[in-house]
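Residue strings, one per chain:
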Amino acid sequence: MRLLKTLVNLVVATLVGALGDKLFGAWGMVLGFIAGGLAAWWVARRMFDS
């Protein structure tokens, strides 16, 4: 289960980071990856803790 949470976290963070890169450049990628990591943590918590 822990590995699946980590995989979900990585995929969501990467997608949001790529979107931030397209919209705002390199700094957008960094901020998007951080924001994506937080969002992925929330999604994984909601999916697997219920």
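Residues numbered from 1 in each chain as written. Predicted model: local features only at pLDDT ≥ 70, side-chain atom pairs only at ≥ 80, totals over all residues. Heavy atoms only, no water.

**Remarks on the overall build of the protein chain**
Of regular secondary structure, the protein chain possesses two helices and zero strands. By its C-alpha atoms, the protein chain is 35 × 15 × 10 Å across when sized along the principal axes. In the protein chain, which comprises 50 residues, the proportion classed as buried is 20%. Split by element, the accessible area of the protein chain, about 4,000 Å² in all, is 75% carbon and sulfur. (Helix = DSSP H or I, 4+ residues; strand = E, 2+ residues; numbered from the N terminus. Buried < 20%, exposed > 50% of the residue type's maximum accessible area, 1.4 Å probe, protein only. Areas by Shrake-Rupley, 256 points an atom, 1.4 Å probe, with all protein chains shown as cover.)

**Things to note about the environment of L19**
Among the structural elements, L19 can be located in helix α1 (residues 2–24). Between the C-alpha atom of L19 and that of V43, which follows or precedes it by 24 residues, the distance is 18 Å.

Everything listed is a geometric property; what it means functionally is a separate question.
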